[in-house]
2 protein chains.
Amino acid sequence: MPVPDAPVTGAHLEVPPPDGPDRPSRLDPEIAARLRRTPDGLVAAVVRQHDSGEVLMVAWMDDEALHRTLTTGRATYWSRSRREYWVKGATSGNHQYVRSVAIDCDGDAVLVSVDQVGAACHTGQRTCFSTELPVSSGEVAS
Amino acid sequence: MPVPDAPVTGAHLEVPPPDGPDRPSRLDPEIAARLRRTPDGLVAAVVRQHDSGEVLMVAWMDDEALHRTLTTGRATYWSRSRREYWVKGATSGNHQYVRSVAIDCDGDAVLVSVDQVGAACHTGQRTCFSTELPVSSGEVAS
């Protein structure tokens, strides 16, 4: 019986490496090496309107979502709840055309500058950050 | 031997509730109930300069860090690497005075508007997002 001289396709990816992505990815290994991920393999993606600078939303990317965002011109995320990739605007029509992407100093977040069509928020509002929390400074830190 | 009629202080916090914070917190329970945390109990905190809107950094907050940020006027985070709270500027002098805090629609991120003294980044640069990644749109999404 012949012995295969290479692993079955994908089999070597079943156990992800420590600190590596959970899922197979085509992301440039040099960029992947810079990422510092959450325990579920994600970095935070802060999305802003490229010209006004308005912060529109935060979503999550694994390595492959970042790869698709960098190479397709369309912002692509990983849904933590549905556990699948989603291209912003694919169902809503509220597309995000990627203008630039920056990574932060410690590799746990990216800043995605986009041209946002319509509302960024699924509620229909322009931005997801429309609920203010009460701020006071009357309590001394302990 | 007497049987205590109440748990030893703190003992009931040793096993955190599912989807709850890892550490004891004084955060308003109504706000805590809105949070949707990473597997290690954190939400992303996007920090911007309150007047220019410039995105300065992303850090992480557990419930107690958010409580301190809302009540002390000083941006306070949870360090994933050191596993401790840190008040921005406490050692560097680059303080972040909190002007407002907004929470996003699904509770996994907060937008903290601050008055940033000096550099936000530990490298000495104003913002942590100073490294651009290459963006192209020549590859078709698969």
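Bear in mind that the values here come from a model prediction, so they are computed numbers and not experimental data.

1. Quick notes on the UniProt feature "binding site: Zn(2+)" (unreviewed entry) in chain A
- Feature annotation in UniProt assigns "binding site: Zn(2+)" (unreviewed entry) to the following positions: A:Cys105, A:Cys121 and A:Cys128. Across 24 residues, the annotated set is spatially dispersed, with a maximum C-alpha separation of 27.6 Å.
- Relative to the assigned elements, A:Cys121 resides in the loop between strand 6 (109–116) and strand 7 (131–133).
- Excluding residues within four positions of it along the chain, A:Cys121 makes contact with A:Arg126, A:Thr127, A:Cys128 and B:Cys105.
- Tracing the backbone shows A:Cys128 in the loop between strand 6 and strand 7.

2. Structural notes on the relation of the copies chain A and chain B
- For the pair chain A and chain B, the relating rotation is 180°, the translation along its axis is 0.0 Å, and the fit reaches an RMSD of 0.0 Å. In the structure described here, the two chain copies are related by an operation that fits a two-fold rotation axis.

3. Details of helix 2 (residues 63–72) of chain A
Residue and element names in this part refer to chain A.
- In terms of residue burial, helix 2 counts as a mostly covered element, since 10 of its 10 residues are buried.
- Along helix 2, the positions that sit buried rather than exposed are Asp63, Glu64, Ala65, Leu66, His67, Arg68, Thr69, Leu70, Thr71 and Thr72.
- Where helix 2 terminates, the next one or two residues include Gly73, which has phi positive at roughly 80°.

4. Focus: the packing of aromatic side chains
Residues and elements named next belong to chain B.
- Summed over the entire model, instances satisfying the criterion amount to 5 aromatic pairs over all chains.
- Taken together, a centroid distance of 4.9 Å and an interplanar angle of 70° make the contact between Trp78 and Tyr85 edge-to-face.
- Stacked on the ring of Trp78, the Lys or Arg Arg23 has its end atom at 3.5 Å from the ring centre.
- For the cation-ring pair, Arg68 lies above Tyr85, with the distance from its terminal atom to the ring centre recorded as 4.4 Å.

5. Digging into the pairing of strand 4 (residues 84–87) of chain A
Residue and element names in this part refer to chain A.
- Examined bridge by bridge, strand 3 (residues 76–79) and strand 4 share 4 bridges and lie antiparallel to one another. Residue pairing for strand 4: Thr76 is matched across the bridge by Val87.
- The hairpin turn running from strand 3 into strand 4, its antiparallel successor, is 4 residues long, and Arg83 in that turn takes a positive phi close to 55°.

6. A look at the interface of chain A and chain B
- Each side of the interface is counted separately: chain A has 53 residues, and chain B has 52 residues.
- The contact between chain A and chain B buries some 4,400 Å² in all, and 59% of this surface belongs to carbon and sulfur atoms.
- Applying the counting rule to chain A against chain B returns 2 salt bridges.
- Here B:Arg80 makes a salt bridge to A:Asp108, at a shortest N to O gap of 3.7 Å.
- Breaking the side of chain A that touches chain B down by element, the ones donating at least two residues are strand 1 (43–49), strand 2 (55–61), helix 2, strand 5 (96–103), strand 6 and strand 7 of chain A.
- The element that contributes the greatest number of residues to the side of chain A that touches chain B is helix 2 of chain A, accounting for 6 residues.
- Classifying every residue of the side of chain A that touches chain B gives 25 nonpolar, 16 polar and 12 charged.

7. A look at the UniProt feature "domain: Phosphoribosyl-AMP cyclohydrolase" (unreviewed entry) in chain A
- If you check UniProt for "domain: Phosphoribosyl-AMP cyclohydrolase" (unreviewed entry), the listed places come out as residues 57–129 of chain A in our numbering.
- Taken end to end, residues 57–129 of chain A has its terminal C-alpha atoms 7 Å apart, with 14% of it in helix and 40% in strand.

8. Concerning unusual backbone geometry
Residue and element names in this part refer to chain A.
- Even without being glycine, Arg83 reaches a positive phi, approximately 55°.
- Structurally, the position occupied by Arg83 is in the loop between strand 3 and strand 4.
- On the basis of relative accessibility, which here comes to 54%, the residue Arg83 falls in the exposed class.

9. Notes on the sheet that holds strand 6 (residues 109–116) of chain B
- Taken together, the 5 strands give an open sheet; going across it, the order is 7(A)-5(B)-6(B)-1(B)-2(B), and neighbouring strands pair in mixed fashion. Across the chains shown, the open sheet's two edge strands, defined by having one partner strand only, are strand 7 of chain A together with strand 2 (55–61) of chain B. Put simply, the sheet's adjacent strands are angled 30° from each other on average, direction ignored.
- Alignment of strand 5 (residues 96–103) of chain B against strand 6 of chain B, held across 7 bridges, turns out to be antiparallel. Bridged to B:Ala102 within strand 6 of chain B is B:Leu111.

10. Here we look at the environment of B:Thr69
All names here are of chain B.
- Tracing the backbone through its elements, the reader meets Thr69 in helix 2 (residues 63–72).
- With a relative accessible area of 0%, Thr69 lands in the buried category.
- For the pair Thr69 and Val87, spaced 18 residues apart in sequence, the C-alpha to C-alpha distance is 8.9 Å.
- Ignoring any residue separated from it by four or fewer positions in sequence, one finds Thr69 in contact with Met61, Arg74, Ala75, Thr76, Val98, Val101 and Val112.

11. Digging into the environment of B:Arg83
- Taking the C-alpha atoms as reference points, B:Arg83 and B:Ala45, 38 residues apart in sequence, are found 16 Å from one another.
- Not counting chain neighbours up to four residues away, the residues in contact with B:Arg83 comprise B:Arg23 and B:Trp78.

Parameters at a glance
Residues numbered from 1 in each chain as written. Chains lettered and ligands numbered in written order. Predicted model: local features only at pLDDT ≥ 70, side-chain atom pairs only at ≥ 80, totals over all residues. Heavy atoms only, no water. UniProt positions renumbered as here; feature names shortened; annotations may be inferred. Helix = DSSP H or I, 4+ residues; strand = E, 2+ residues; numbered from the N terminus. Contact = heavy atoms within 4.5 Å. Least-squares fit on C-alpha atoms with pLDDT ≥ 70 in both. Buried < 20%, exposed > 50% of the residue type's maximum accessible area, 1.4 Å probe, protein only. Phe/Tyr/Trp six-rings, centres within 6.5 Å; stacked < 30°, edge-to-face > 60°. Lys NZ or Arg CZ within 6 Å of the ring centre and 35° of its normal. Pairing = 2+ DSSP bridges. Buried area = accessible area lost by both parts, 1.4 Å probe. Salt bridge = Lys/Arg side-chain N within 4 Å of Asp/Glu carboxyl O. Nonpolar A, V, L, I, M, F, W, Y, C, P; charged D, E, K, R; others polar. Axes fitted to C-alpha atoms, helices over the stretch in contact; angles between N-to-C directions.

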